[in-house]
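In case you want the letters, here they are:
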Amino acid sequence: MFPVTGSDTNGGNAWAALERHRDERAGTSLRDLFDADADRGERLAVTVGDLWVDYSKQPVTDETISLLADLAVQLDLPGFVDRMMAGERVNTTEDRPALHTALRSPAGTRVLVDGTDVMPRVTETLDRMAEVADSLRSGQLTGVTGRPITSIVSLGIGGSHLGPAMATSALTHLADPTIDVRFASNLDGAEISTVLADLDPATTLVLICSKTFTTMETMVAAETARAWLVDDLGSDVSAHLAAATAATDLAEKFGISPDLTFALPDWVGGRFSLPSAVGLGLMAAIGPDAFREMLAGMHLVDDHLASAPVHSNGPMLLGLFDVWHRTILGTSSLAVVPYSSQLDGFAPWFQQVSMESLGKRVTAGGGPVAGPTGPVVWGSTGTDGQHAFFQMLHQGTEPIPVDLIGFARPTADPYMAHHGRLMANLFAQAEALAFGMSAEEAAAAGTPSRLVAHRTFPGNRPSTTILAPELTPSVLGQLVALYEHRTVVAGAAWGINPFDQWGVELGKTLAVRIADELADDPGDLAHDSSTNSLISRYRQLRGHSA
Ligand code: F6P
């Protein structure tokens with residue numbers, strides 16, 4: 001379908017074999033595959049730590065797995081993973097390692113970057129975060145008035161927001177109810193004003209999360225929050241400001257004390273930075289021990305990725321299935337639906353991880369890619385999604401692969417009325433998507449003939465079900481690492497650099513220029529006629545002269 005052979009990502013034979021295999025198995029449905037193999041549901045699954053990853057409802061056979069494993073070997077994907085984890089500069093366009101795995105390696109591990117072991121600094125930052133989190137949780141961290149800090153407002157955007165906000169919501173059942181951790185990311189001042197509205201500056205710590213400490217959204221919010229503190233507390237508000245950043249000099253200039261500045265290494269990409277200092281708000285909420293459990297869960301999956309053979313390697317397989325779907329079968333999106341209201345941030349978090357990593361049209365070497373790369377990633381929680389977009393998943397004109405994530409035990413179930421039904425819905429959706437309902441079955445169920453076509457479900461709609469015992473910090477860490485690694489694997493298979501994000505730069509630069517033009521008389525505007533007109537109209541509506 002796509003001209004994948006001959007790409008500068010190599011693996012030519014394996015790509016061609018996958019295309020042939022697709023053509024040979026055309027017309028084989030999931031019904032056929034399940035009918036032919038009574039054990040398929042047990043066999044086509046992999047255990048990753050506490051996660052049971054059932055991929056039997058994906059359009060794959062043993063032969064598909066073996067051909068995907070051949071592709072992985074021909075492209076040396078395990079070698080890429082090894083080089084990433086060893087601290088090599090796999091982020092070639094930014095000339096950096098991509099070492100998020102070091103952030104969750106146990107203390108005492110040696111991870112070398114340019115011959116220097118980075119682990120002592122990783123451990124030191126984590127220990128300092130734990131000290132601050134502990135003193136906050138015990139009421140000993142005080143502000144300028146001497147009153148204990150009880151609220152944290154975490155400012156940041158993208159990777160400096162989505163992961164920590166997602167994880168704080170996910171683990172809310174473990175959070176200390178006396179500590180109020182809030183997030184603001186949007187440049188719209190309405191958000192930060194709502195977030196700050198009912199907080200007391202005297203008991204609030206503002207945590208500025210920005211790797212670069214230059215991102216417009218975060219710096220504007222930081223200035224607003226600092227002004228809010230100063231208005232109430234006077235000019236010395238350093239006890240109320242903390243930073244997680246790689247630009248510690250800029251944080252200091254902003255007025256943040258070194259004691260409350262936590263370094264982000266430059267070899268951690270923003271979207272992979274949940275286990276870093278941007279997680280301080282999360283750590284304050286759930287406590288350092290639970291935070292370390294989350295890191296241990298991530299590390300467990302890192303180890304699995306590095307050591308399991310391809311055919312039983314969960315993140316490797318999921319990444320290869322993404323490649324199978326996108327490149328060979330031609331699907332264009334991937335839906336992610338956790339059956340947990342507390343995981344409402346998971347799809348948005350993974351959307352950035354995947355789309356910022358894989359939305360590329362040139363290879364790491366700078367040549368054009370040979371076919372489509374990352375899918376559109378989207379989703380929401382079940383069962384809400386069932387009442388929004390599942391209609392399209394079941395009866396739309398094209399198959400959309402979907403991940404369904406669920407837990408055997410609930411985090412809360414008042415009167416025991418909810419959880420069984422929630423999980424019944426997950427299992428029902430996976431079954432209905434895969435097997436559908438034929439016209440004969442619909443008619444036999446008494447459907448009037450004029451409605452049979454409407455009430456027919458084609459089935460053969462792919463899904464992966466991930467079942468975990470419970471939403472613990474470790475399980476959350478395992479899910480995060482699983483999804484991070486599948487993304488890196490797919491990126492490496494497509495030959496792109498999954499660690500840069502040059503595509504966000506042009507709009508950012510233009511926004512800085514236009515912000516000046518909106519604020520002051522811009523004179524003659526030199527954009528295109530549409531942008532010129534929009535800027536002029538905006539200024540008129542704001543009462544500025546044209
Ligand atoms: O969206 C672009 C981006 O650079 C992301 O990669 C990053 O997570 C986000 O902006 C925030 O960047 P920073 O942490 O430097 O403020």
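1. Comments concerning the layout of surface pockets
Now for step 1: Roughly 910 Å³ of volume is contained in the largest pocket.
Now for step 2: Forming the boundary of the largest pocket are 37 residues, of which T212, T215, Q501, V504 and K508 lie nearest the centre.
Now for step 3: Looking at the lining of the largest pocket, the elements with two or more residues in it are helix 10 (216-233), helix 15 (346-358) and helix 21 (505-519).
Now for step 4: Among the elements that line the lining of the largest pocket, the one with the most residues is helix 21, at 4 residues.

2. Concerning the packing of aromatic side chains
Now for step 1: Applying the stated criterion across every chain, the model contains 11 aromatic pairs.
Now for step 2: Here Y55 and F321 contribute two aromatic rings whose centre-to-centre distance is 5.1 Å and whose plane-to-plane angle is 55 degrees, an arrangement assigned as tilted. Highlighted residues: Y55 in the loop between strand 2 (51-54) and helix 4 (62-74) and F321 in helix 14 (residues 314-329), separated in sequence by 266 residues.
Now for step 3: Judged by its relative accessible area of 3%, F321 is buried.
Now for step 4: Taking 5.0 Å as the distance between ring centres and 85 degrees as the angle between the ring planes, the aromatic pair formed by F346 and Y483 counts as edge-to-face. A residue pair is termed long-range when its members are at least 10 positions apart, and F346 in helix 15 and Y483 in helix 20 (residues 473-494) qualify at 137 residues.

3. Description of the site of the ligand
Now for step 1: By nearness alone, 14 residues border the ligand, and G159, S160, S210, T212 and T215 come closest of all.
Now for step 2: At a separation of 3.3 Å, an oxygen atom of the ligand approaches a polar side-chain atom of Q352.
Now for step 3: The contact in question runs from an oxygen atom of the ligand to an N or O atom on the side chain of E356, over 2.7 Å.
Now for step 4: Out of a free accessible area of 390 Å², the ligand has 88% covered by protein chains.
Now for step 5: Given that more than half its atoms are within 2 Å of the pocket grid, the ligand belongs to the largest pocket.
Now for step 6: Residues belonging to the shell around the ligand are distributed by class as follows: 2 nonpolar, 9 polar and 3 charged.

4. Quick look at the packing of helix 1 (residues 12-25) against helix 4
Two quantities define a packed helix pair, namely the angle between the helix axes and the distance between the axes.
Now for step 1: Put simply, helix 1 and helix 4 touch, their axes get as near as 8 Å, and they point 160 degrees apart. Compared by their axis directions, helix 1 and helix 4 come out roughly antiparallel. Between helix 1 and helix 4 the crossing geometry is left-handed. Every residue of helix 4 that contacts helix 1 at G12, N13, A14, W15, A17, L18 and H21 is listed here: E63, T64, L67, L68, D70, L71 and Q74.

5. Examining empty space enclosed by the protein
Now for step 1: Throughout the structure, instances matching the rule amount to 4 cavities of 30 Å³ or more.
Now for step 2: Estimates place the volume of the second largest cavity at around 50 Å³.
Now for step 3: Along its surface, the second largest cavity is lined by D322, H325, R326, T331, S333, L334, P375 and P401.
Now for step 4: Class assignment of the residues belonging to the lining of the second largest cavity gives a composition of 3 nonpolar, 3 polar and 2 charged.

6. Topic: the sheet that holds strand 7 (residues 204-209)
Now for step 1: In spatial order, the strands read 6-5-7-8-9; together these 5 strands make up an open sheet with parallel pairing. Only two strands of the sheet have a single partner each, and these edge strands are strand 6 (180-184) and strand 9 (261-263). Between one strand axis and the next, the sheet turns through 15 degrees on average, direction left out of account.
Now for step 2: Each of strand 5 (151-155) and strand 6 is contacted by helix 9 (residues 189-197), which is oriented at about 170 degrees to strand 6, the strand it contacts most.
Now for step 3: Sheet strands in contact with helix 10 are strand 5, strand 7 and strand 8 (241-245), and its direction is about 160 degrees off that of strand 7.

7. A short note on the sheet that holds strand 10 (residues 333-338)
Now for step 1: One open sheet holds the 6 strands; their spatial order is 1-2-13-12-10-11, and the pairing between them is mixed. The open sheet has two free edges, formed respectively by strand 1 (45-48) and strand 11 (376-378), since each of these has just one partner strand. The sheet shows a mean angle of 15 degrees between the axes of neighbouring strands, direction not considered.
Now for step 2: Note: strand 10 against strand 11, 3 bridges, orientation parallel. Across the sheet, the residue bridging to S333 is V376, located in strand 11.

Quick notes on the rules
- One numbering rule holds for all chains: residues counted from 1, following each sequence as written.
- Where totals are concerned, whole chains, interfaces and linings use all residues; where local detail is concerned, this predicted model gives features only for residues with pLDDT of at least 70, and gives and counts side-chain atom pairs only at 80 or more.
- Calculation of side-chain values draws on the structure's entire complement of heavy atoms; hydrogens and water are dropped beforehand.
- Any residue with an atom within 4 Å of a point lines the site, the site being either a cavity, points on a 1 Å grid over the protein atoms alone where a 1.4 Å probe fits but cannot get out, or a pocket, an open set with protein on both sides within 12 Å along at least 5 of 7 lines.
- Grid points are joined across faces, edges and corners, and a volume is the space filled by probe spheres set on the points.
- Only runs of H or I of at least four residues qualify as helices and only runs of E of at least two qualify as strands under DSSP, and these elements are numbered from the N terminus.
- The pairing test for Phe, Tyr and Trp rings, Trp by its six-membered ring, is centres within 6.5 Å, and the orientation test on the planes gives stacked under 30 degrees, edge-to-face over 60, and tilted for anything in between.
- Exposed residues in this analysis have more than 50% of their type's maximum accessible area, buried residues have under 20%, and partly exposed residues fall in between, with area computed by a 1.4 Å probe over protein chains only.
- Proximity is defined per residue: if any heavy atom of the residue lies within 4 Å of a molecule or strand, that residue is considered near it.
- Polar contact is defined as a pair of N or O atoms within 3.5 Å, subject to the rule that within protein one atom must be able to donate a hydrogen and the other to accept it, and that residues adjacent in sequence are counted only when both atoms are side-chain atoms.
- Using a 1.4 Å probe, the Shrake-Rupley method yields the accessible areas, and only the shown protein chains count as cover for residues.
- The way we define it, a molecule is inside a pocket or cavity when more than half of its atoms are within 2 Å of that pocket's grid points.
- All residues other than Ala, Val, Leu, Ile, Met, Phe, Trp, Tyr, Cys, Pro, Asp, Glu, Lys and Arg, Gly among them, are scored as polar; the first ten of these are nonpolar and the last four charged.
- The angle between two axes is taken between their N-to-C directions and runs from 0 to 180 degrees, where each axis is a line fitted to C-alpha atoms and a helix contributes only its stretch in contact.
- Any angle that is under 35 degrees is reported as roughly parallel, and any over 145 degrees as roughly antiparallel; angles of 65 to 115 degrees are reported as roughly perpendicular and all others as oblique.
- Crossing handedness is defined as follows: a turn of the near helix away from the far one that is anticlockwise and smaller than a right angle gives a left-handed crossing, while the clockwise case is right-handed.
- Residues are treated as being in contact if the distance between any of their heavy atoms lies within 4.5 Å.
- Note on pairing: two strands pair once DSSP finds at least 2 bridges between them.

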